[in-house]
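Examination of the molecular architecture
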Amino acid sequence: MNRLERVYGAGGGAVSALRGVTLDLPRQAMTVVMGPSGSGKSTLLHCAAGLDKPSAGTVHLGAHELTAMSETELTVLRREQIGFVFQSFNLIASLTAAQNVALPLRLAGIKAERNRVEQALALVGLGDQAGRLPAALSGGQQQRVALARALITRPQVIFGDEPTGALDTSNARRVLELLRRAVDEWAQTVIMVTHDPVAASFADSVVFLADGQVADIITAPTADRVAKRMTELERVS
Ligand code: ADP
Ligand code: MG
């Protein structure tokens, strides 16, 4: 992405959420985005995923320039090449775990083979919960259903906005290990917002935002280095 800007609102009340962000998010790698609350992390993720239109600048995803695409083209691209995992799971309450996982396939007009759905659920350790409704699953299990749903179309890029934010340590670790496998074994790209330095240590690099701008990038992060940098950034902002 190049010189990305996103202004919310107009006139005196306008808020500049992104103020000239230029970033190269490498493929087949896990990049974590961190920064103080309100620094523009979610806005950046939404612009990178084609969920939001920047006010200025360009976003490329592989050969596609997202910022030049129509809403219809973006919908197709998101369906075929992008997976999402949010902090609040976003499962459909009236559908079973298996039906939730099968949804992206159905939306893409791919026949949801039972086998494929079962495999995706088994992968996240929920092979025996396929028939359950979200309400009958724990938060950690629901997040893993959401992850199976994000993985099932084998998207090129998986975006996560605090996907482990609501999870206990062991469920968070499971989700992070799966995201790591998506990169290392299945050649996918993961871009994830988190507040957790331990989660960030699973990444290949960490981008720090402050006040809508890139403040720093750390490669091969350790939890200690990330925590230290976070504290420094929170102090100045
Ligand atoms: P983060 O995810 O880092 O907490 P956000 O990207 O959500 O930050 O927000 C960045 C800035 O943009 C904040 O000042 C926030 O209040 C503002 N903002 C975000 N979304 C909107 C919106 N829909 N309308 C107006 N302002 C918004
Ligand atoms: Mg946010």
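Keep in mind the model is a prediction, meaning the values are calculated, not measured.

Definitions and limits used
Residues numbered from 1 in each chain as written. Chains lettered and ligands numbered in written order. Predicted model: local features only at pLDDT ≥ 70, side-chain atom pairs only at ≥ 80, totals over all residues. Heavy atoms only, no water. Near = heavy atom within 4 Å. Polar contact = N/O pair within 3.5 Å; in protein donor to acceptor, adjacent residues only side chain to side chain. Areas by Shrake-Rupley, 256 points an atom, 1.4 Å probe, with all protein chains shown as cover. Helix = DSSP H or I, 4+ residues; strand = E, 2+ residues; numbered from the N terminus. Nonpolar A, V, L, I, M, F, W, Y, C, P; charged D, E, K, R; others polar. Buried < 20%, exposed > 50% of the residue type's maximum accessible area, 1.4 Å probe, protein only. Contact = heavy atoms within 4.5 Å. Salt bridge = Lys/Arg side-chain N within 4 Å of Asp/Glu carboxyl O. Pairing = 2+ DSSP bridges. Axes fitted to C-alpha atoms, helices over the stretch in contact; angles between N-to-C directions.

Moving on, we get to the site of ligand 1. Lining the immediate environment of ligand 1, one finds Tyr8, Val15, Ala17, Pro36, Ser37, Gly38, Ser39, Gly40, Lys41, Ser42 and Thr43. A distance of 3.2 Å separates an oxygen atom of ligand 1 from a polar backbone atom of Ser39. Between Gly40 and ligand 1, the recorded distance is 3.1 Å, taken from a backbone N or O atom to an oxygen atom. In isolation ligand 1 exposes 560 Å². Once the protein is present, 57% of that is buried. Only β2 (15-21) and α1 (41-48) provide two or more residues apiece to the shell around ligand 1. With 3 residues, the single largest contributor to the shell around ligand 1 is α1. By residue class, the composition of the shell around ligand 1 is 4 nonpolar, 6 polar and 1 charged.

Before going further, it helps to spend a moment on the side chain of Gln188. Inspection of the secondary structure puts Gln188 in the loop between α6 (169-184) and β9 (189-193). A relative accessible area of 5% places Gln188 in the buried class. Dropping the residues within four chain positions of it, Gln188 is found in contact with Gln28, Ala29, Leu151, Arg154, Pro155, Gln156, Ile158, Ala182 and Val183.

A separate point is the pattern of salt bridges. Under the defined criterion, the tally for this structure stands at 10 salt bridges. In this structure, the salt-bridge partner of Asp211 is Arg19, at a minimum N-O distance of 3.2 Å. Taken as a pair, Asp211 in the loop between β10 (205-210) and β11 (213-219) and Arg19 in strand β2 lie far apart in primary sequence, 192 residues in all. For Arg19, a relative accessible area of 32% gives the class partly exposed. In this structure, the salt-bridge partner of Arg78 is Glu71, at a minimum N-O distance of 3.8 Å. The class for Glu71 is partly exposed, based on a relative accessible area of 46%.

Most of α1 sits out of view: 6 of its 8 residues are buried. Residues of α1 that are buried sit in contact with β1 (2-8), β2, β3 (30-34), β8 (157-161), β9 and β10. Backbone geometry just after α1 places Gly50 at a positive phi near 75°.

The subject of this paragraph is the sheet that holds β8. Across the sheet, which stays open at both edges, the 6 strands sit in the order β7-β8-β9-β3-β10-β11 with mixed pairing between neighbours. Of all strands in the sheet, those with a lone pairing partner are β7 (82-86) and β11, marking the two edges. The mean inter-strand angle of the sheet, taken between neighbouring strand axes irrespective of direction, is 15°. With 4 bridges joining them, β3 and β10 adopt parallel strand pairing. Each bridged residue has a counterpart across the sheet, and for Met34 the counterpart in β10 is Phe208. Each of β7 and β8 is contacted by helix α5 (residues 139-151), which is oriented at about 170° to β7, the strand it contacts most.

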